[in-house]
Amino acid sequence: MAPPPLTAREISLVRAGLAVVEPHAADLTVYFYTILFARYPQVRELFPDNMDGQRDRLLRGLLRIVDLVDDPENLVRFCTLLGRDHRKFGALEGHYPAVGECLLDSLARYAGAAWTAEVEAAWSRAYTTAARVMMLAAADDTRLRPATWAAQIVRHEHHGHGIAEITVRTDVPYAYEAGQYVSMQTPWQRRAWRQYSPANAPRADSSLTFHIRAVPGGRVSNALVHRAAVGDIVTLGPPQGDMTLAAAGDRDLVCVAGGTGLAPIRALLEQAALSDMRRYVDLFVGARTAEELYGLDDMLRMAQRHYWLSVRAAVSHQHIAGREGTLPQVLREFGPWGQHEAFLCGPPGMVTAAARILRNDGVPEARIHHDPLTDPVLTAPLAPSRHQPESEYL
């Protein structure tokens, strides 16, 4: 059972403490990991070699926990997501007290005289509450599934423009839903995980196909595109995300995909075809140039086989016959979409702009689905708070 929620006084003290140290956040996170690894060197192996992103992740995690301290329902949801996700890192119950000790010492160092015994007690309770929920979630998850899955690359095909289509097969069955995303670790970047969406509906042979673009400076993506080969073993974390057909009810769909963001949309459409869906789907695929319209031919062939699917393409940086403009601009032309369920995937700017157009066209926030635009676990949408109107939480 999770500990009781914090009192109003404890919530006030936790937030006041964070306000004092927030201007020193960068130094605080460096100090935290320095003393953590010095006092508990066995914990170092849980973290990636390059700690820059991890320090930012700690800060954003803390900020979200503090933001939710007066919303027990969503605090439990968030900490549950964290607890399940931390299993893939190898986190154990014995690690949580060490992290709590070093976190409180770091807060005390940078809060100075503002770190009173009462503030420390409130922070200790807040951390204990969050850690307890994470440990309970991890223990429950252990009874349901593995922490990770080994997956062998069985096909690796380059498609140009830094994109590779990679098919892997897990050693044991891997259960997921079309539209979800998967965290992946390669053997060349220890403890570095990146999220990719399968481009297929679940298959009987436990294989998954990913469309991966090598991004500048991307250690994982470049290794997968340019170094990985058939026979190599990668590691998968558990599936995550709620961008599935189950969210759509019986409404027609409008789907918007940019670049390799077509992968989860393709999986959704494949699942729709397998389930003999009777709803209509409008798919918009976009890129900067015609040569970068990745996967369009595959989608056009699918449209020829299924009467309910219409496919339109748009390019934003090239003059060609047909539709020109950004995906959101072309999407606006073909509305209205107020009665549709929307699924979006692609560059964050594109997703944000498309979502804005759909909202202006009368699509409620609750019917616009896309994966978190930054760290999936830290920014995953939660339930509407009883303290806020629904639209602010979607």
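Residues numbered from 1 in each chain as written. Predicted model: local features only at pLDDT ≥ 70, side-chain atom pairs only at ≥ 80, totals over all residues. Heavy atoms only, no water.

You'll find the protein entered in an unreviewed UniProt entry as nitric oxide dioxygenase, with Streptomyces agglomeratus given as the organism. According to UniProt, the comment filed for the protein under the heading Cofactor (unreviewed entry) is "heme b". (UniProt positions renumbered as here; feature names shortened; annotations may be inferred.)

Colleague: Quick one: what's the story with the overall build of the protein, residue by residue and with numbers?
Modeller: The secondary structure content of the protein amounts to 12 helices and 11 strands. Looking at the protein as a whole, 50% of its 394 residues qualify as buried. Contacts in the protein between residues far apart in sequence, at least 24 positions, make up 74% of those at least 6 positions apart. Carbon and sulfur atoms make up 53% of the accessible area of the protein, which amounts to about 18,100 Å² in all. (Helix = DSSP H or I, 4+ residues; strand = E, 2+ residues; numbered from the N terminus. Buried < 20%, exposed > 50% of the residue type's maximum accessible area, 1.4 Å probe, protein only. Contact = heavy atoms within 4.5 Å. Areas by Shrake-Rupley, 256 points an atom, 1.4 Å probe, with all protein chains shown as cover.)

Colleague: Can you break down the packing of aromatic side chains residue by residue, with the values?
Modeller: Ring pairs (aromatic) are described by centroid distance and by the angle formed between their planes. According to the stated counting rule, one finds 11 aromatic pairs in the structure shown. Summarising the aromatic geometry, the rings of Phe284 and Phe334 are spaced 5.8 Å apart at their centres and angled 55 degrees between planes, so their arrangement reads as tilted. Note that Phe284 is positioned in strand S8 (residues 281-287) and Phe334 in the loop between helix H10 (327-333) and strand S10 (341-345), a separation of 50 residues in sequence. Ring pairs connect the aromatic residues Phe32, Tyr33, Phe37 and Phe47, which therefore count as one cluster. The cationic tip of Lys88 hangs over the ring face of Trp193; the distance from NZ or CZ to the ring centre is 5.0 Å. (Phe/Tyr/Trp six-rings, centres within 6.5 Å; stacked < 30°, edge-to-face > 60°. Lys NZ or Arg CZ within 6 Å of the ring centre and 35° of its normal.)

Colleague: I'd like to hear about the sheet that holds strand S7 (residues 253-258), residue by residue, with values.
Modeller: With respect to topology, 5 strands assemble into an open sheet ordered S9-S8-S7-S10-S11, the strand pairing being parallel. The sheet is open, and its two borders are formed by strand S9 (309-315) and strand S11 (368-369), each paired with just one other strand. Across the sheet, helix H9 (residues 296-305) lies against S8 and S9, angled at about 155 degrees from S9, the strand it touches most. Lying over the sheet, helix H11 (residues 348-360) contacts S7, S10 and S11, oriented at roughly 165 degrees with respect to S10. (Pairing = 2+ DSSP bridges. Axes fitted to C-alpha atoms, helices over the stretch in contact; angles between N-to-C directions.)

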